[in-house]
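These are the residues of each chain, in order.
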Amino acid sequence: MVEIIRKFFAFCSEENRRKFQTSVLLGVFQAMFEALKIPAIAVMVKALLAGQVTGRDILLSLGIMAVSIAGAGLIKAKASMLQTEGGYDTCAKKRIEIAEHMRYLPMGFFSDNSLGQITSVTTNVLENLENVATRVVMLVCEGLLTTALIIVMLAFFDLRIALVLLIGLCLFLAANTSLQKAAGTLAPRKINADEKLVEKVLEYLQGMAEVKAYHLTGKKSGELNEAIAANSKVNTDMEMTLIPRMSAQSLIAKLTGVAMALCACIFYCNGTMDALTAVVMVISAFIVNASLETAGNYSALLRIVDASVDRVQEILKTPQMDIDGEKITPENRDIKADNIEFSYDLRKIIDGVSLSIPEKSVTAIVGPSGGGKTTLVNLLARFWDVDKGTVSLGGHDVRDYDMDSLMSNFSFVFQNVYLFHDTIADNIRFGQSEAPMEEVIAAAKKACCHDFIMALPDGYDTVIGEGGASLSGGEKQRISIARAMMKDAPVIFLDEATANVDPENEHDLMEAIRALTNEKTVIMIAHRLKTVEHADQILVIDQGKIVQQGTHAELLSQEGIYRNFIQERREAAGWKIKTVQ
Amino acid sequence: MRASIIPFTFAMVIMPATMVSVLPIGGLLVRSGSLSSQDFVTVIILSVGVITPIITLMSYSDDIRTMGTIVNEVRSVLDAPEMERPAEGEAPKDCSIRLNDVHFSYKDKEVLHGITMDIPAGSYTALVGPSGSGKSTIARLIASLWDADSGSVTLGGTDIRKIPQEIYSDQIAFVSQDNYLFNMSVRENIRLGKPSASDEEVEKAARESGCHDFIMSLENGYDTMVGSSGGHLSGGERQRISIARAMLKAAPVVILDEATAYTDPENEAVIQRSVSKLTQGKTLIVIAHRLSTITGANKIYVIKDGQVEDSGTHEELLEHHGLYETMWNLHMEVKDNG
């Protein structure tokens, strides 16, 4: 029990840990104030035993109780405030930490861990922590501290009763350990079942159209129902296992109270304890019972806290790419790759590529799908690290840069553009929240976005639906170009817009790309013949290697993939879906 | 949360502190003689005993409020109107499709303002128009993914709301920009199109959709798991697998909604060749952005702002000198002729 509480504290940031520790300390004072009810009762009982209740007795007991309540109330309010702040802040920070951490994870992580798992950790698991953990940890701490305080207090009245309580507390802790152990084996199962459930629900909802189209209603809803049933079974199992242990624990708490009261009576009868002490002891027995039971009831939930902390730590422990580096401003933006290799699982995707891209030149990468074009670009931009060889920018290994100073050199325009649920202006500003509106509009105009943005209901202040749902593919791409325009980085990585545009957009998109790439170092995965023709350098990538390299004219004169590619492009452009009547 | 702490904690402290009232009031009662000392001691002991249940009650009380919110959220999902489809009914007689003055609103905004269209069985129809004009909405209505607010969509003369979902989905193969792949093997994903298909049939469909080569290069070939929502594959690869799946399904009505949007031109040629094989003799509805690919359609509908602006064959539309001509000219300007 103590171990888990310690683990939870270690999980929190320094600042929040201090908040929790302060609030536990405050809990001790609170317990002291609450324990004042014992002297208040003692005053009254003493008066009763004397057979004469005076106004002074009444006022005194009222006074003591008033101090007790005011003190405990104020302290508890402060302590709860600290706990709540600490709890929510810890989880907010952990969520940010996870998000930050994911930026630098190797790509393998995202295929080994399903979307359901990641979603579950950042939602369910952390929610467990922010709600359950803080409350449970605090209530358990408080319960135990109050009990300890009472033992000390009782020791002043009568050592024998204090001893009875101490034995009771030990038995209680033993029962609790057994409870924790049983819960310990179940908690990871519960979290697994939660993850599975989230995953199945996501799959069912996202694939709803397919579920309908391919008669999967039975099959897929069957899988979902199974996950729901399994989840409910795990939860039921957990309760079923815990209930008998919790009852045993609560029985021990109650029996301790009974033993205390019984001993008090016996000691009174054999004359070794006066009546006042005996009554106070009986009353203390009830108070002990209350605090032990509070601690006991909540302690079962500690295991969830334990497992949740583990789950979050597991993600945070996944090794990241090495992101420590220096702030470097390179003298030039020449990009070189020297015999680089990269494998994903066992599949070698880039196999010994060397290349040199001079500043302000245009390099087109072409080749069959699956040949490694996208991977190569990802390696050059250091989204992933090479297994062998080096990539350098301006003569410095990209791994020597710190992430931010490296990325400040690059802009990206890729196929799958993600726009944030925010205004158009902020989506274009992205990363430069201070930029004035004029600059945003200027970038939008250059990227041929201005007209369609003005046609939207609130112009630049229109909020884009999640995932950019309310804009067409071409429009989204142009906004991402405007974004790159704003950043004005010297190196542009471009996955040339494929067919993901409407006819009237296609023209504007080409304009926008032209404006963006003017006077820049451009590395593009190219599909359009016109752009390829005008590139300073064409790299033909197949099966992870550069198979051809040169200008359009040079490559066209050679037998090879490039010439075939040109041929096919001409055919595809002239192609149409035939009618069969 | 913070706002509720102060009243909440005071309640937590005061309520269990029954002593504050029991002691002085009891004392007064004893003094006035209406309460015996023995009874008072018992009362004191009992009021200490009442602490535990009160703490329990208090500490769970905000869970009860949370429960209320959750119940409401669940209700709002369960109360959402369902699409009404009969459990049993007749299969449609043929595969002609008709939209009759169809209106449709997305949230509060009407996006289709009375669309009427006649799509004869076995014909080839194209929908073109600026982005956001409502083309994809029309495709979704025909695919019975959404229901029209007013007006009707009929298949073979029967209102599609009267055709059981199962029967209807057998008639339609719908390939969109973002079809979903389930986290199972590539082979099983394609086989969804036709559960009885042999491995050879699956591979044939894959080959015809330009998937075979990249599938073979995956670590476990056809048995490679695609990851959740197909995350292990690129957008273009996912799209080709969903085309293979639709090919295998062999439904009499095929709807292609920008089905090759993420595909690079190198593969688009392969796919388009097989799409024309796939669609032989079928009712074909295509939403395309590359106008040059749909010039052969029997009828092209130009959709703008949720209305049919114009319709006809490619040649007829060019003669009308309208929106279609503008779009066509823009397209020709950027078209890639090498």
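Being a predicted model, the structure only gives us computed values, none of them experimental. (Residues numbered from 1 in each chain as written. Chains lettered and ligands numbered in written order. Predicted model: local features only at pLDDT ≥ 70, side-chain atom pairs only at ≥ 80, totals over all residues.)

Asks: Which residues make up the overall build of chain A, and what are the values?
Replies: Counting its secondary structure elements, chain A contains 21 helices and 10 strands. When each of the 581 residues of chain A is scored for burial, the buried share is 47%. Taking as baseline every contact in chain A between residues at least 6 positions apart, the subset at least 24 positions apart corresponds to 80%. (Helix = DSSP H or I, 4+ residues; strand = E, 2+ residues; numbered from the N terminus. Buried ≥ 20, exposed ≤ 12 C-beta atoms within 10 Å, placed from the backbone. Contact = placed C-beta atoms within 7 Å.)

Asks: Please give an account of the overall build of chain B that cites residues and values.
Replies: Scanning chain B from N- to C-terminus turns up 13 helices and 10 strands. The burial tally for chain B puts 43% of its 338 residues in the buried class.

Asks: Describe the confidence of the model for chain A, naming the residues involved and giving the relevant values.
Replies: Confidence along chain A averages 82 in pLDDT terms, with 91% of residues attaining 70 or more. By mean pLDDT, the top-scoring element of chain A is strand S4 (residues 388-393) of chain A (92), and the lowest-scoring one is helix H5 (residues 108-112) of chain A (62). (pLDDT = per-residue confidence, 0-100.)

Asks: Give me the nonpolar core: which residues, what numbers.
Replies: Membership of the largest hydrophobic core comes to 102 residues, with the highest contact counts inside it found for Ile41, Met260, Ile283 and Val305 of chain A. Apart from residues no more than four positions distant in its own chain, Met260 of chain A is found in contact with Ile161, Val164, Leu165, Met281, Ser284, Ala285 and Val288 of chain A. (Core = buried A, V, L, I, M, F, W, Y, C linked by C-beta atoms within 7 Å.)

Asks: For the sheet that holds strand S6 (residues 172-175) of chain B, give the residues involved together with the corresponding values.
Replies: All names here are of chain B. With mixed pairing, six strands are arranged side by side in an open sheet as S6-S7-S8-S3-S9-S10. With one partner strand each, in any of the chains shown, S6 and strand S10 (307-312) form the two edges of the open sheet. If you compare each strand with its neighbour and ignore which way they point, the axes differ by 15 degrees on average. As judged from the four bridges shared by strand S3 (residues 124-128) and strand S9 (residues 299-304), these two strands associate in the parallel manner. Bridge pairing in S9 links Ala126 to Ile300. Lying on the sheet, helix H5 (residues 135-142) is in contact with S3, strand S7 (253-257), strand S8 (283-287) and S9; it crosses S8 at an angle near 150 degrees. (Pairing = 2+ DSSP bridges. Axes fitted to C-alpha atoms, helices over the stretch in contact; angles between N-to-C directions.)

Asks: How would you summarise the environment of Val132 of chain A if you had to cite specific residues and measurements?
Replies: Residues and elements named next belong to chain A. In this structure, Val132 sits in helix H6 (residues 115-157). Look at Val132 and you get partly exposed, because 17 C-beta atoms sit within 10 Å. For Val132 and Leu302, which are 170 residues apart along the polypeptide, the C-alpha to C-alpha distance reads 8.6 Å. Those residues within four positions of Val132 in sequence are excluded, and the remaining contacts are Leu301, Ile304 and Val305.

Asks: Before we move on, could you go through the pairing of strand S4 (residues 150-155) of chain B and cite the residues and values that matter?
Replies: All names here are of chain B. Pairing analysis gives five bridges linking strand S1 (residues 97-106) to S4, with the strands arranged antiparallel. From the neighbouring strand, Ile97 faces S4, where its bridge partner is Leu155. One ladder, built from two bridges, connects S4 with strand S5 (residues 158-159); its direction is antiparallel. When the bridges of S5 are listed, Thr154 appears paired with Asp159. Counting the residues that bridge the hairpin from S4 to S5 gives two residues, and of these Gly156 lies at a positive phi of roughly 55 degrees.

Asks: Break down the environment of Glu359 of chain A for me, citing the residues and quoting the values.
Replies: Mapping Glu359 of chain A onto the fold places it in the loop between strand S2 (347-357) and strand S3 (362-366). Linking Glu359 of chain A and Ile335 of chain A, residues 24 residues apart in sequence, is a C-alpha distance of 7.6 Å.

Asks: Tell me about the confidence of the model for chain B, residues and numbers included.
Replies: Confidence in the prediction of chain B, expressed as mean pLDDT, is 82, and 88% of residues score 70 or more. Among the prediction metrics, the complex's ipTM stands at 0.73, with pTM recorded as 0.68.

Asks: Account for helix H2 (residues 14-35) of chain A, naming residues and giving values.
Replies: Residues and elements named next belong to chain A. The end-to-end C-alpha distance of H2 is 31 Å, a good match for the 32 Å that 22 residues give at a rise of 1.5 Å each. Of the residues making up H2, those classed as buried are Asn16, Lys19, Phe20, Ser23, Leu26, Gly27, Gln30, Ala31, Phe33 and Glu34. In a view along the axis of H2, the buried residues occupy a sector of 155 degrees, so they form one face of it. (Expected span 1.5 Å × (residues − 1). Arc of directions from axis to C-beta.)

Asks: Please set out the packing of H2 of chain A against helix H4 (residues 55-103) of chain A residue by residue, giving values where relevant.
Replies: Residue and element names in this part refer to chain A. Two elements in contact, H2 and H4, have axes whose closest approach is 8 Å; the angle formed by their N-to-C orientations is 160 degrees. Viewed along their axes, H2 and H4 adopt a mutual orientation that is roughly antiparallel. Judged by the sense of rotation from one axis to the other, the crossing of H2 with H4 is left-handed. (Parallel < 35°, antiparallel > 145°, perpendicular 65-115°, else oblique. Left-handed = near helix turned anticlockwise from the far one by under 90°.)

Asks: Describe the sheet that holds strand S5 (residues 396-397) of chain A, with residues and values.
Replies: Residues and elements named next belong to chain A. With antiparallel pairing, four strands are arranged side by side in an open sheet as S2-S1-S4-S5. Strands at the two margins of the open sheet, each flanked by one partner only, are S2 and S5. Bridge analysis of strand S1 (residues 335-344) against S4 gives five bridges, and the strand direction is antiparallel. Each residue of the ladder has a partner; that of Glu341, found in S4, is Lys388.

Asks: For the environment of Ile357 of chain A, give the residues involved together with the corresponding values.
Replies: Residue and element names in this part refer to chain A. Following the sequence through the fold, Ile357 ends up in strand S2. Assessed through the 22 C-beta atoms surrounding it within 10 Å, Ile357 is described here as buried. For the pair formed by Ile357 and Ile523, sequence separation is 166 residues and the distance between their alpha carbons is 8.4 Å. Aside from chain neighbours lying at most four places away, what touches Ile357 is Asp334, Ile335, Thr363, Thr521 and Ile523.

Asks: Requested: an account of the packing of helix H3 (residues 37-50) of chain A against helix H3 (residues 37-49) of chain B, with residues and values cited.
Replies: Across the interface, H3 of chain A lies against H3 of chain B with an axial gap of 10 Å and an inter-helix angle of 165 degrees. Considered as vectors, H3 of chain A and H3 of chain B are oriented roughly antiparallel to each other. Our pair here, H3 of chain A against H3 of chain B, has a crossing hand that is left-handed. Each of Ile41, Val45 and Leu48 of chain A in H3 of chain A lies in contact with H3 of chain B, whose residues at this interface are Ser37, Phe40, Val41 and Ile44 of chain B. Its residues assigned to classes, the contact of H3 of chain A with H3 of chain B shows six nonpolar, one polar and no charged. (Nonpolar A, V, L, I, M, F, W, Y, C, P; charged D, E, K, R; others polar.)

Asks: So what's going on with unusual backbone geometry? Residues and values would help.
Replies: Residues and elements named next belong to chain B. Even without being a glycine, Asp305 presents a positive backbone phi close to 50 degrees. With respect to the helices and strands, the residue Asp305 is situated in the loop between S9 and S10. The phi angle at His321 is positive, at roughly 50 degrees, despite the residue not being glycine. Residue His321 is classed as exposed on the basis of its C-beta count, with 9 C-beta atoms lying within 10 Å.

Asks: Break down helix H8 (residues 199-208) of chain B for me, citing the residues and quoting the values.
Replies: Turn by turn, an α-helix covers 3.6 residues, leaving residues three or four places apart pointing in a common direction. The complete set of buried residues in H8 of chain B reads Val202, Glu203, Ala205, Ala206 and Glu208 of chain B. Of the residues flanking the end of H8 of chain B, it is Gly210 of chain B, one or two places downstream, whose phi is positive at about 70 degrees.

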